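A closer look at the structure
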Amino acid sequence: MRILVVEDEAKTAGYLHKGLSEHGYAVDVAADGIEGLQAARRGEYGMMILDVMLPGKDGWTLIEELRKEGSSTPVLFLTARDAVEDRVKGLHLGADDYLVKPFAFTELLARVQSILRRMARPSSGRELLKVADLEIDLLRHRATRAGKRMELTPKEFCLLSLLAERAGEALTRTLIAGQVWDMNFDSESNVVDVHVRRLRSKVDDPFEHKLIHTVRGVGYVLEQRG
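Attention in this report is confined to the structure presented alongside it. Worth saying up front: this structure is predicted, and the values here are computed from it rather than measured.

The rules behind each value
- Residues numbered from 1 in each chain as written.
- Predicted model: local features only at pLDDT ≥ 70, side-chain atom pairs only at ≥ 80, totals over all residues.
- Heavy atoms only, no water.
- 1 Å grid on protein atoms, 1.4 Å probe; cavity = no way out; pocket = protein on both sides within 12 Å on 5 of 7 lines; lining within 4 Å.
- Points joined across faces, edges and corners; volume = space filled by probe spheres on them.
- Nonpolar A, V, L, I, M, F, W, Y, C, P; charged D, E, K, R; others polar.
- Axes fitted to C-alpha atoms, helices over the stretch in contact; angles between N-to-C directions.
- Helix = DSSP H or I, 4+ residues; strand = E, 2+ residues; numbered from the N terminus.
- Parallel < 35°, antiparallel > 145°, perpendicular 65-115°, else oblique.
- Left-handed = near helix turned anticlockwise from the far one by under 90°.
- Contact = heavy atoms within 4.5 Å.
- Pairing = 2+ DSSP bridges.
- Buried < 20%, exposed > 50% of the residue type's maximum accessible area, 1.4 Å probe, protein only.
- Arc of directions from axis to C-beta.
- Polar contact = N/O pair within 3.5 Å; in protein donor to acceptor, adjacent residues only side chain to side chain.
- Salt bridge = Lys/Arg side-chain N within 4 Å of Asp/Glu carboxyl O.
- Phe/Tyr/Trp six-rings, centres within 6.5 Å; stacked < 30°, edge-to-face > 60°.

**Re empty space enclosed by the protein**
In total, this model carries two cavities of 30 Å³ or more according to the counting rule given. Considering only enclosed or pocket space, the second largest cavity measures out at about 40 Å³ in volume. Considering the residues around the second largest cavity, the lining is formed by Ala-40, Gly-43, Glu-44, Tyr-45, Met-48, Leu-66, Ser-71 and Thr-73. Partitioned by chemical class, the residues of the lining of the second largest cavity number four nonpolar, three polar and one charged.

**Remarks on the packing of helix H2 (residues 33-40) against helix H3 (residues 59-68)**
The N-to-C vectors of H2 and H3 enclose an angle of 25°; their axes lie 10 Å apart at closest approach. With respect to H3, the axis of H2 lies roughly parallel. The crossing of H2 and H3 is right-handed. Judged by residue contacts, Gly-33, Gly-36, Leu-37 and Ala-40 of H2 engage Leu-62, Glu-65 and Leu-66 from H3. Taken together, the residues of the contact of H2 with H3 sort by class into four nonpolar, two polar and one charged.

**Some remarks on the sheet that holds strand E10 (residues 171-172)**
Think of a sheet as strands paired side by side through backbone hydrogen bonds, with each pair either parallel or antiparallel. Spatially, E10-E12-E11 is the arrangement adopted by the three strands of the open sheet, whose pairing is antiparallel. The open sheet has two edge strands, E10 and strand E11 (212-215), and neither has a second partner. In the packing of helix H6 (residues 154-165) onto the sheet, the strands contacted are E10 and strand E12 (219-222), and the crossing angle to E12 comes to about 70°.

**Quick word on H3**
Among all positions in H3, only Gly-59, Trp-60, Leu-62, Ile-63 and Leu-66 are buried. One side of H3 carries all its buried residues, which in axial view fall inside an arc of 165°. Residues of H3 that are buried make contact with H2, strand E3 (47-51), strand E4 (75-79) and helix H4 (84-92). Sitting at the head of H3, Asp-58 places a side-chain oxygen 3.1 Å from the backbone nitrogen of Trp-60.

**As for the pattern of salt bridges**
Applying the stated criterion to the full structure yields 19 salt bridges. A salt bridge links Lys-18 to Glu-22; the nearest nitrogen and oxygen atoms lie 2.7 Å apart. Residue Lys-18 and its partner Glu-22 are both found in helix H1 (residues 10-22); the two are separated by four residues, about one turn of the helix. Across the salt bridge formed by Arg-41 and Glu-65, the nearest N and O atoms sit 3.6 Å from each other. On the criterion of sequence distance, the pair formed by Arg-41 in the loop between H2 and E3 and Glu-65 in helix H3 is long-range, its members being 24 residues apart. Judged by its relative accessible area of 46%, Arg-41 falls in the partly exposed class. Glu-65 gets classed as partly exposed once you look at its relative accessible area, which sits at 23%.

**Observations regarding the packing of aromatic side chains**
Applying the stated criterion to the full structure yields three aromatic pairs. With centroids separated by 5.9 Å and ring planes inclined at 75°, the aromatic side chains of Tyr-15 and Phe-105 adopt a geometry described as edge-to-face. Of this pair, Tyr-15 sits in helix H1 while Phe-105 sits in helix H5 (residues 105-124), placing them 90 residues apart in sequence. Since its relative accessible area comes to 13%, Phe-105 is described here as buried. Relative to Tyr-98, the ring of Phe-77 lies with its centre 6.0 Å away and its plane at 65°, an arrangement referred to as edge-to-face. Here the residue Phe-77 occupies a position in strand E4, and Tyr-98 occupies one in strand E5 (residues 97-100), the gap between them amounting to 21 residues.

**A word on the side chain of Asp-97**
Following the sequence through the fold, Asp-97 ends up in strand E5. Taking the relative accessible area as the measure of exposure, Asp-97 reaches 18% and is therefore buried. Excluding its chain neighbours within four sequence positions, the residues that come into contact with Asp-97 are Val-75, Leu-76, Phe-77, Leu-91, Arg-111 and Ile-115.

**Points about unusual backbone geometry**
Of note, the bond from Lys-101 into Pro-102 is cis; its omega dihedral lies within 30 degrees of zero at -10°. Along the chain, Pro-102 turns up in the loop between E5 and H5. Phi is positive for Ala-146, which is not a glycine, with a value near 55°.

**Observations regarding the sheet that holds strand E2 (residues 26-30)**
In spatial order, the strands read E2-E1-E3-E4-E5; together these five strands make up an open sheet with parallel pairing. Looking at strand neighbours, the two that pair on one side only are E2 and E5, the edges of this open sheet. In this sheet, neighbouring strand axes are inclined to one another by 20° on average, regardless of whether the strands run parallel or antiparallel. The sheet contact formed by E4 and E5 spans four bridges and is parallel. In the sheet register, Leu-76 faces E5, and the bridge partner there is Asp-97. Packed onto the sheet, H3 meets E3 and E4 and runs at close to 150° relative to E3.

And the structure:
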């Protein structure tokens, strides 16, 4: 997941870049509204974190232009303006959430994760995920491999769906924990590894070719090899 942060305060931008990167997100930073609009138009981002008061082009204008152009990229507004009318204005222009400065990073991270969970299915535009002979029906909540249905727990299905949606991409344990369990990853916890092992027993063990691979020092990737 790549996130665009549009923030002219260098300290805040650096704080967001560091924190989000540590939680498994790829982060780009734009320092003004014009630069932010140009970056957003490239369509590379799964989400934007947007300050309202920006040089060049304010956040309200930026999101208004993006929405008129058909962009549905979710936006979290950051601002020192806490008046109700300001929050309402941002939401009416198409923002998905609104956070008033100063804020705790844990709250921002929770809001980011919440927005991405809500947007995951509509933004993917797909009801069926396919990787090799693995098929995942997101609407019916079913997964099959080589035509054989696998009995998965809700968490196993969520984990497999995440890996399949981002097939070929090495996902960190931090990112997996945040997306599947909605929690900050504790380096002492083995919850992710335990669930991956259980998932492998159903997805890979009965078959000759393995799809779920360990990426040493990073996490896990789902892909067809060989």
